[in-house]
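# Geometric and topological summary
Here are the chains, one letter per residue:
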Amino acid sequence: MTKTLLRVQEIDVFYHDFHALWEISLEVEETLVVSIIGANGAGKSTLLNTIAGVLNPSQGTIEFQGKKINGIMPYHAVAEGISLVPEGRRVFPRLTVLENLEMGCYIPKARQKKKEVLKKMYELFPILEERKNQLSSTLSGGEQQMLAIGRALMCEPRLILFDEISLGLAPLVIKNIYQRVKQINAEGTTILLVEQDIQRSLKASHKVYIMQSGRIRLEGKPGELSQVDIHKAYFGM
Amino acid sequence: MKLLQSGRLYGIILVMLALVSLPYWASRYWVLIILLFSLNLALSQMWNLLAGYSGLISLGQQTFIGLGGYALAVFSIYYGLPIWLSIIIGGMVSALFASLISAPIFRMRGVYFAIGTWTVAEALRILFSNWKYVGYGMGLFVKPAYALSFNTIYFTALGAGMASVVLVYFLLRSKLGLGLMAIRDEETASETLGVDIFRCKLTCFLISAGVTGAVSGIFYLNNIFIQPNSAFGIDWTIRLVFITIIGGIGTIEGPIIGSFLYVFLHQLLSGYPSVSLLILGIIAIGVILVAPKGIMGTLQEKLGFEILSPRRR
Amino acid sequence: MLSLLNELKGPITNGLLLGGLYGIIGIGMSMIFGIVRLVNLAHGDLVILASYLSLVTMTLFSVDPIFTLVIVIPAMCIIGFAVQYYLLNPVLGKGMNPPLLVAFGLSIIFQNLLLLIFTPDARTLFTSISVKTISLWGFLNIPLVYLVDFAGSVITIALLHQLFRRTYLGKAIKAASDDEGAAQLMGINTKTIYAFAMAIATGTAGVAGVAVGITFTFYPQTGPEYLIIAFGVVILGGLGSLFGTFLGGLILGLAQLLGAHFLGPGFQLLSGYLILLIVLTFRPTGLFTKV
């Protein structure tokens, strides 16, 4: 029985006046890869952003390692051990690859370990070492995605959140990236990822949640859910 | 119109009667206050027209103050024209200058526009300071104004103040006003609906310039002495900005409240001009931080309270 | 042709050196403009505030103006930090006008505070180098103080460059201005970072203030003059680029002195204003920015 790392209980989230999430509850156990699947507008990104502190729930609680974290500022999430790879990568265009990675270990306790973590990152994504002095805006889509992931890993988080990392990338590149995701998980980092691609996430995860219109419709282990049930939940039928 | 039916109209008429009869029952101190109030009211209504309704933050209204004032001086002194004509010419000169600079100035957006207008004023300040015809930096005495009685000047100023409110009120209820409010709310969308943004803004710019120039003439009737550093100085804009911000930007009543507050404060601290500006600045910052819509705007928001509503109902 | 060059060598050299001073005046404004998209209308007044701070320090400790930098720079940094943190951060993101107007209000407050404390008298920071000229290669006479200003400008800009390239703070500032949200995900408290950026910018205003004080006379209302210069420098050189701003300063200095040479000394400022208006009309993003 693995320990629960992240526990979300009955949260409601408003995005300005729009009621985006309704009574969401989920649990992410240590060392697992958990996916949240759903169509566009299902609220997946909103959920990740709320866990990372970018948005705050109006009701309910979020607990990380037993500690309540709902209502924190996004720059505190990193110190708690949660790191988010945001939708659209959002690398810093005016900084080089290396500088982007350095921003990843901005928090004081990560700065001391920069050299060794950097080495690990270069092993995981050799292309980043090759291009380390290039401006990040000159990288291709796939390379930027790897940079964004590497950057999020620099602070050695216990939980890493991936928001649609396959968006806009070629299938081969996506396959490549998901192999690294597996590697990252194998080294002990818990992963919560958001995807539109059903098959991809079923293959990669230990547990899935299916969201539709701001609610969780279905949850379970990939092997135990039927295709019919999954599609019904995905499309809200 | 709803205005006619409400009791507010009678309140307004009462106030106006009191003001028109003021010289006959109040002390000269108060007549001067209302005189300055009226002039500041007219000027700030014009600034509000630009900043609050057209989205043009101008830091260069002093351009037209200077041009209007000097037109009054030059035409009445050197050409012996009647005062009233000179004032009107001042307005026309200002509007003409505004149209001349409108092409380059309107290419500047936002803060560029602000600094651009400021720079034009500074450039004129230097030019007039170095110009023999207008007495270099020493300025001119508007001697023909001595012939006027204080009361005459008061009534002119009062008239200008009231006229400015009426002007803005009817402007905003016109087609132009509708366009302005569309621009204020959502500029890009209004353009797709056929609102000619450039013409709207240009019209406001010209009107505001012309009225400011004419009102400046009235001011210098009272002040008598005009010199470039004060006529083209940024102090004018400071006053107008603070009056409008504190009173409530984008409302017709805002400049009324703001002008009165300003003149009152200024007279109260008349021995200490720096202190009054200092306090004004602190209040203005406080207002922006705490109640960005100003006194009137916040009243409108919280209580739905409007005296002069430009909305068509 | 040769005689024209000979005639112009003075204005050109002086223009370039003066341009160095203008560059350092503009750097602070360029930084803030590039980072938080705010035009600090109080920048000129901050420069003059620094001049007065230097004056006070000079009088209190009987030191040369250059040594007052030790106190002036930190003092200005603290002022800048406080202004950004308490007054400007709350209105950032509430539209374009509130930050502009708060800065405008600050400008008025500073000017009138200085008026009340120091009276409208013109002051200057007396130093032995203020009146010396040196002779270069026997055919060029330049005021020593211009050279000192230029050197100070170059040193400050070089230091800033290193700060942005090598320190975590410098890179965090760039990151926060690129993408505030993503920067927060890195653990960067962007509101505090903006305050630090403003602190650095006002620190440079501190250097500029001392330079202005030893070169020219100043009084409480000189601020707006330098605001327009700073703005001109930033517009000419392009936003957010250290080197571009420096170049912008050189161009403005050249334009001013050449204008003064051909049109008369009263037209020095005016030439600068004209150039600014022309650039504002046709290329407000700056002469050197890649559009």
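Details of the structure are given in the entry above.
Residues numbered from 1 in each chain as written. Chains lettered and ligands numbered in written order. Predicted model: local features only at pLDDT ≥ 70, side-chain atom pairs only at ≥ 80, totals over all residues.

When you go through chain A residue by residue, the secondary structure sums to 10 helices and 10 strands. Here the C-alpha radius of gyration of chain A, 17 Å, is about what a compact globule of 237 residues would show, namely 18 Å. The dimensions of chain A, computed from C-alpha atoms along their principal axes, are 50 × 40 × 35 Å. In chain A, which comprises 237 residues, the proportion classed as buried is 44%. (Helix = DSSP H or I, 4+ residues; strand = E, 2+ residues; numbered from the N terminus. Rg over C-alpha atoms; globule rule 2.2 N^0.38 Å. Buried ≥ 20, exposed ≤ 12 C-beta atoms within 10 Å, placed from the backbone.)

All names here are of chain A. Read from one edge to the other, the open sheet built from 6 strands follows the order β6-β7-β8-β3-β9-β10, with strand pairing classed as mixed. On the outer flanks of this sheet lie β6 (82-85) and β10 (215-220), each paired with one strand and no other. The mean inter-strand angle of the sheet, taken between neighbouring strand axes irrespective of direction, is 15°. Contacting β3 (33-37), β6, β7 (159-163), β8 (190-195) and β9 (207-212), helix α1 (residues 44-51) runs over the sheet at an angle of about 150° to β7. Running over the sheet, helix α7 (residues 141-153) touches β6 and β7 and is turned about 170° from β6. (Pairing = 2+ DSSP bridges. Axes fitted to C-alpha atoms, helices over the stretch in contact; angles between N-to-C directions. Contact = placed C-beta atoms within 7 Å.)

A separate point is the sheet that holds strand β2 (residues 18-29) of chain A. Residues and elements named next belong to chain A. Pairing within the open sheet is antiparallel, and its 4 strands lie in the order β2-β1-β4-β5. Two strands close off the open sheet at either side, each with one partner strand: β2 and β5 (67-68). Taken together, the 2 bridges between strand β4 (residues 59-64) and β5 define a ladder with antiparallel strand orientation. What sits directly across from E63, in β5, is K68. Sheet strands in contact with α1 are β1 (4-15), β2 and β4, and its direction is about 115° off that of β1.

Residues and elements named next belong to chain A. Summarising burial for β8: 6 of the 6 residues are buried, a large majority. In β8, alternate side chains face the same way, and those of T190, L192 and V194 on one face and I191, L193 and E195 on the other are all buried. In this sheet, β8 lies alongside β3 in parallel orientation, the contact comprising 5 bridges. The partner of S35 across the bridge, within β8, is L193. Where β7 lies against β8, 5 bridges are found, and the strand directions are parallel. Paired with L161 across the two strands is L192, which belongs to β8.

A few words on the packing of helix α2 (residues 43-61) of chain C against helix α9 (residues 223-237) of chain C. All names here are of chain C. Contact geometry of α2 with α9 gives a least axis separation of 7 Å together with a crossing angle of 125°. Between α2 and α9, the angle falls in the class oblique. You can see that α2 and α9 cross each other, and the crossing is right-handed. Between α2 and α9, the contacting residues are H43, G44, D45, V47 and I48 on the first element and G223, P224, E225, Y226, L227 and A230 on the second. Residues that form the contact of α2 with α9 fall into these classes: 6 nonpolar, 3 polar and 2 charged. (Parallel < 35°, antiparallel > 145°, perpendicular 65-115°, else oblique. Left-handed = near helix turned anticlockwise from the far one by under 90°. Nonpolar A, V, L, I, M, F, W, Y, C, P; charged D, E, K, R; others polar.)

Attention shifts here to the interface of chain C and chain B. When the parts of a complex come together, some accessible area is lost, and that lost area is often used as the size of the interface. On the chain B side, the residues contacting the 31 residues of chain C number 31 residues. Of all the secondary-structure elements, those providing two or more residues to the side of chain C that touches chain B are α4 (97-118), α9 and α11 (268-282) of chain C. Residue contributions to the side of chain C that touches chain B peak at 14 residues, all from α4 of chain C. Its residues placed into classes, the side of chain C that touches chain B shows 26 nonpolar, 5 polar and no charged.

Its location among the elements puts L8 of chain C in helix α1 (residues 2-36). For L8 of chain C, a count of 15 C-beta atoms within 10 Å translates into the label partly exposed.

For the rest of this paragraph, the subject is unusual backbone geometry. Residues and elements named next belong to chain A. Unusually for a residue other than glycine, E156 sits at a positive phi of about 50°. Assignment of secondary structure puts E156 in the loop between α7 and β7. Note on E156: 18 C-beta atoms within 10 Å, which makes it partly exposed. Notably, E164 is not glycine yet its phi reads approximately 50°, a positive angle. Accessibility expressed as a C-beta count within 10 Å gives 21 for E164, which makes it buried.

All names here are of chain A. Within the secondary structure, L26 is located in strand β2. Separated by 17 residues in sequence, L26 and Q9 have C-alpha atoms that sit 6.7 Å apart. Setting aside residues up to four positions removed in sequence, L26 forms contacts with V8, Y209 and I216.

What follows covers the interface of chain A and chain C. Residue-level contacts link 20 residues of chain A with 15 residues of chain C. The set of elements that each furnish at least two residues to the side of chain A that touches chain C consists of α2 (74-80) and α3 (97-104) of chain A. Taken together, the residues of the side of chain A that touches chain C break down into 15 nonpolar, 1 polar and 4 charged.

Contacts are most numerous between chains B and C, taken over all 2 pairs of chains that touch. When C-alpha atoms are compared, chain A and chain B, though not in contact, are closest at a spacing of 19 Å.

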